Amino acid sequence: MSQFDVDLFVIGAGSGGVRAARIAASYGAKVMIAEEYRVGGTCVIRGCVPKKLMVYASRFSLEFEEAAGFGWDVGDATFDWATLIRNKDKEIDRLEGIYRTNLERSGVTVVDSRAVIEDPHTVHVLKTGERIRARYILVAVGAHPTLEPVIPGGELGITSNEVFHLKEQPKRIMIVGGGYIAVEFAGVFAGLGSEVTLLHRGDKLLRGFDDDVRDALGASYAQRGINLALGRTAQRLDRTPDGIAATLSDGSVVTVDQVLVATGRRPNTKGLGLEKVGITVDEVGAIPVDSYSQTLIPSIYAVGDVTNRANLTPIAIREGHAFADTVFGDRPTIVDHDLIPTAVFSTPEIGVIGCSEAAAWARYGDIDVYKTAFRPMKATLSGAHERMLMKLIVDKATGRVVGVHIVGHDAGEMIQLAGVAVTMGATKADFDRTVAVHPTASEELVTMRTPAVVKRPVAVG
């Protein structure tokens, strides 16, 4: 008789955990997965999926405005927040059911409970008190948003968890942060008609992105009427008869109905029992792992945001799959975190793969930069102020395209396909000999012929 109850116990039924469980089961492993909240994890329940639905909702206002130039009279359009939230919740319920059903059909036992680690092979299921012996344990518990930095009155703010369940749409909202979540929700609320203040301590949004992309987004948001409060921080929040008064670092006060804090997330490792088995988390609470997602304890692995490597849903899925291939499929697999296509569902949308211009100068030493900014065809009749940006970064030594940056409509869709080419190592010559699809915005990616005049950054120090 085996000394183990299961071959694999997965803690956390989010994107990475679910994929790992299903693939491991397909290899014949006996698998159990525990989830204390809802099956599907952050992405499905209160992350990428509901956010994208809200992004879609917010863009209709622009479509209505632009329709007149094409001969349409749509009348006075109205928006009902309660309807959006109700329909969004129905879709999330449906998706959760699909995730649960797919696990069960794969032969995975789903446990609706918090589970903690007791020793390298034992997991304690808190709801039932059971102790499950597992050959391997996979930690896939993700991360949670924080109300950081802590300031007086900070508890008056909400995070990206609560924003999906607001009973009413705030007429005035201040969003704190300059990353993916902050800029996406700024676009959502602006599109739905809220008065938006986007507060960020830096001088530009989206730290780490190419400067041309950052400039294009900032200009577009300002043109849309979003109040960009850059180079400032919130010092305190106070409840007043008129709402929430936010005192900023320059002494100004912004009064709003809601404050959304999107300044970061931390791994869900607290109280997980890691210290019992000798696993020490890093300064942000993440679990250190090797390239195969294995911890210092041979029987315990971790994938997804809890490892703080590349905190994106597709990466968690890829890591979960690679783990199952490695441990149960006899196919050792390493996930490449270096080249990741990604999209920011701001409005305008952003799609990126590879190096920014600054990073490419530092990494390759000599590069060519191709870029163009233009008014898309739709805007010529709609009268919209929208502009698109396309930018290619090329390593001069090899001719390889090492960065693609797109700002504008459907950038996320475009970057997925461009990502295939870049991942395969396509050169600028490969792009040049690709026939353009006309008339499209994306044809600009294969018709740019002359490098832009750019200056190499001056080394400091």
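Residues numbered from 1 in each chain as written. Predicted model: local features only at pLDDT ≥ 70, side-chain atom pairs only at ≥ 80, totals over all residues. Heavy atoms only, no water.

Asker: Please provide a residue-by-residue account of the sheet that holds strand 12 (residues 243-248), values included.
Answerer: One open sheet accounts for three strands, arranged 11-12-13; its pairing is antiparallel. This sheet does not close on itself; its edge strands, each paired only once, are strand 11 (234-240) and strand 13 (253-256). Across the sheet, the mean angle from the axis of one strand to that of its neighbour is 20 degrees, orientation sign disregarded. Two elements, strand 11 and strand 12, share six bridges in a ladder whose sense is antiparallel. Directly across from alanine 234, in strand 12, lies its bridge partner leucine 248. (Pairing = 2+ DSSP bridges. Helix = DSSP H or I, 4+ residues; strand = E, 2+ residues; numbered from the N terminus. Axes fitted to C-alpha atoms, helices over the stretch in contact; angles between N-to-C directions.)

Asker: Summarise the packing of helix 1 (residues 15-26) against helix 7 (residues 313-328); cite the residues concerned and give the values.
Answerer: The interhelical angle for the contact between helix 1 and helix 7, taken along N-to-C directions, is 30 degrees, at an axis separation of 7 Å. The angle between the axes of helix 1 and helix 7 places the two elements in the roughly parallel class. Crossing angle aside, the handedness with which helix 1 passes helix 7 is right-handed. Taking contact as the criterion, the partners of Ser15, Gly16, Arg19, Ala20, Ile23 and Ala24 in helix 1 are, on helix 7, Thr313, Ala316, Ile317, Gly320, His321, Phe323, Ala324, Asp325 and Phe328. Considered class by class, the residues forming the contact of helix 1 with helix 7 number eight nonpolar, five polar and two charged. (Parallel < 35°, antiparallel > 145°, perpendicular 65-115°, else oblique. Left-handed = near helix turned anticlockwise from the far one by under 90°. Contact = heavy atoms within 4.5 Å. Nonpolar A, V, L, I, M, F, W, Y, C, P; charged D, E, K, R; others polar.)

Asker: How would you sum up helix 8 (residues 357-364)? Please name residues and give values.
Answerer: Taken together, the buried positions of helix 8 are occupied by Glu357, Ala360 and Trp361. Looking down the long axis of helix 8, one finds its buried residues gathered within 100 degrees of arc, a one-sided arrangement. Opposite the buried face of helix 8, by more than 90 degrees, sit the exposed residues Ala358 and Ala362. Elements that come into contact with the buried residues of helix 8 comprise helix 6 (211-223), strand 19 (367-374) and strand 20 (388-395). Residue glycine 365 follows helix 8 closely and has a positive phi angle near 85 degrees. (Buried < 20%, exposed > 50% of the residue type's maximum accessible area, 1.4 Å probe, protein only. Arc of directions from axis to C-beta.)

Asker: Give me the lowdown on unusual backbone geometry, citing residues and values where you can.
Answerer: At the junction of threonine 347 and proline 348, the peptide bond is cis and its omega measures out at 15 degrees in the coordinates. Structurally, proline 348 is set in the loop between strand 17 (342-344) and strand 18 (350-354). Here the residue pair histidine 438 and proline 439 is connected by a cis peptide bond, since its omega of -5 degrees sits within 30 degrees of zero. Mapped onto the secondary structure, proline 439 falls in the loop between helix 11 (428-432) and helix 12 (444-447). Non-glycine residue serine 293 carries a positive phi angle of around 70 degrees. Turning to its location among the elements, serine 293 is positioned in the loop between strand 15 (265-267) and strand 16 (300-302). Look at serine 293 and you get buried, because its relative accessible area is 4%.

Asker: I'd love a proper account of the sheet that holds strand 14 (residues 258-261), names of residues and values included.
Answerer: Two modes of strand pairing occur in sheets, parallel and antiparallel, and in both the strands are linked by backbone hydrogen bonds. Taken in spatial order, the four strands of this open sheet run 10-9-8-14, and their pairing is parallel. Two strands close off the open sheet at either side, each with one partner strand: strand 10 (227-230) and strand 14. With direction set aside, neighbouring strand axes in the sheet form an average angle of 20 degrees. Across four bridges, strand 9 (residues 195-200) lies against strand 10 in parallel orientation. If you follow threonine 197 over to strand 10, its bridge partner there is asparagine 227.

Any link to function would need more than the numbers given here.
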